[in-house]
Amino acid sequence: MTDSVFTKIIKGEIPCTKIYEDELTFAFLDHNPKIPGHTLVIPKKQVAYVWELTDQDYQALMASVKKVANNIKQVLQPKWVGMQVEGIAVPHAHVHVFPFSSVEEYRQLPKPGEYLSEAELAEMGKKLAF
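Computed from a prediction, not measured in an experiment: that's the story for all the values here.

(A) Layout of the overall build of the protein. From N to C terminus, the protein includes 4 helices and 5 strands. Ordered by position in the sequence, the α and β elements of the protein form the string α-β-β-β-α-β-β-α-α. A compact globule built from 130 residues should have a C-alpha radius of gyration of about 14 Å, and the protein, at 14 Å, falls within 12% of that. If one aligns the C-alpha atoms of the protein with their principal axes, the spans along those axes are about 35 × 25 × 25 Å. Going through the 130 residues of the protein one by one, you find that 42% of them count as buried. The contacts of the protein with a sequence gap of at least 6 include a subset with a gap of at least 24, amounting to 56%. Only carbon and sulfur atoms are counted for the fraction: they give 55% of the accessible area of the protein, which is about 7,500 Å². Within the protein, the 16 negative side-chain charges are centred at a point lying 5 Å from the centre of the 14 positive side-chain charges.

(B) The arrangement of the layout of surface pockets in detail. In this structure, the largest pocket spans a volume of roughly 590 Å³. What lines the largest pocket is a set of 25 residues, and nearest its centre among them are F6, D30, H31, N32 and L40. The element that contributes the greatest number of residues to the lining of the largest pocket is helix 1 (residues 5-10), accounting for 3 residues. Taken together, the residues of the lining of the largest pocket sort by class into 14 nonpolar, 7 polar and 4 charged.

(C) Quick look at the environment of Q46. Tracing the chain through its elements places Q46 in the loop between strand 3 (39-43) and helix 2 (55-76). For Q46, a relative accessible area of 15% puts it in the buried group. For the pair Q46 and D3, spaced 43 residues apart in sequence, the C-alpha separation works out to 7.9 Å. Each residue touching Q46, except ones within four places of it in the same chain, is listed here: M1, T2, D3, S4, T7, P91 and H92. Within the structure, Q46 has its side chain in polar contact with the backbone oxygen of T2 (distance 3.1 Å). A polar side-chain atom of Q46 sits 2.6 Å from a polar atom in the side chain of T7.

(D) Representation of the sheet that holds strand 4 (residues 80-86) in the model. One open sheet holds the 5 strands; their spatial order is 1-2-3-5-4, and the pairing between them is antiparallel. Two strands in the sheet have a free side with no partner beyond their single neighbour: strand 1 (18-21) and strand 4. On average, each strand axis in the sheet is tilted by 20° relative to the strand beside it, whichever way the strands run. Judged from the 7 bridges that link them, strand 4 and strand 5 (residues 94-100) form a sheet pairing that is antiparallel. Note on strand 5: the bridge partner recorded for W80 is F100. Contacting strand 1, strand 2 (25-29), strand 3, strand 4 and strand 5, helix 2 crosses the sheet at an angle of about 15° to strand 5. In the packing of helix 4 (residues 118-128) onto the sheet, contacts are made with strand 1, strand 2 and strand 3, and the angle to strand 2 comes to roughly 135°.

Quick notes on the rules
All residue numbers refer to position in the chain's written sequence, counted from 1. Thresholds applied to this predicted model are a pLDDT of at least 70 for local features of residues and 80 or more for the giving and counting of side-chain atom pairs; totals over whole chains, interfaces and linings are not thresholded and use all residues. Computation of side-chain values covers all heavy atoms of the structure but excludes hydrogens and water. The numbering of helices and of strands both runs from the N terminus, where a helix is a DSSP run of H or I of at least 4 residues and a strand a run of E of at least 2. C-alpha atoms define the radius of gyration in this analysis, and the globule rule sets the expected value at 2.2 Å times the number of residues to the power 0.38. Three labels apply to residues, based on accessible area from a 1.4 Å probe with only protein chains included: buried if under 20% of the type maximum, exposed if over 50%, partly exposed otherwise in between. Any two residues whose heavy atoms approach within 4.5 Å at even a single point are treated as in contact. Reported accessibility uses the Shrake-Rupley method at a 1.4 Å probe radius. Residues are deemed covered only where the shown protein chains occlude them. Neither His nor the chain ends contribute to the count of charged residues, in which Lys and Arg are positive and Asp and Glu negative. The atom standing in for a charge is NZ when the residue is Lys, CZ when it is Arg, CG when it is Asp and CD when it is Glu. As defined here, a cavity is a set of points on a 1 Å grid over the protein atoms alone where a 1.4 Å probe fits but cannot get out. A pocket is an open set with protein on both sides within 12 Å along at least five of seven lines, and residues line them when an atom is within 4 Å of a point. Grid points are joined across faces, edges and corners, and a volume is the space filled by probe spheres set on the points. Here the nonpolar group is Ala, Val, Leu, Ile, Met, Phe, Trp, Tyr, Cys and Pro; Asp, Glu, Lys and Arg are the charged ones; every other residue, Gly included, is treated as polar. For the purposes of these results, a polar contact is taken to be a pair of N or O atoms within 3.5 Å, where, inside protein, one atom must be able to donate a hydrogen and its partner to accept one; residues adjacent in sequence count only when each atom of the pair is a side-chain atom. Strand pairing is assigned whenever DSSP detects at least two bridges linking the two strands. An axis is simply a line fitted to the C-alpha atoms; with a helix, the fit covers only the stretch in contact. Between two such axes, the angle follows the N-to-C directions and lies from 0 to 180 degrees.

Take a look at the structure:
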């Protein structure tokens, strides 16, 4: 299997704004967020779908999702923190975790071509890294 863009991020071949890392998972800011604070949580093991993970990797992923969500809630203090499980755009299981204040914000998609600057990513990264 060819390394996904996420595997390349984990390996340090592509830069990212890392929020959290443990033995089995990695979390970083989405550079094309639906809302500031939008974080991707991924297993270090590359599989296309969350359901293909071993029980241990799945449980580690969801534990990290919970940690990231609680951190977003504490630091950014949004009304809610949502999650969406995906494996569509990148063939590497991933969970989107993001703050939101309305149903419209939850449902909105990132706007193509609208990326955060390095400075904006760094500023949010400083707030959310743990």
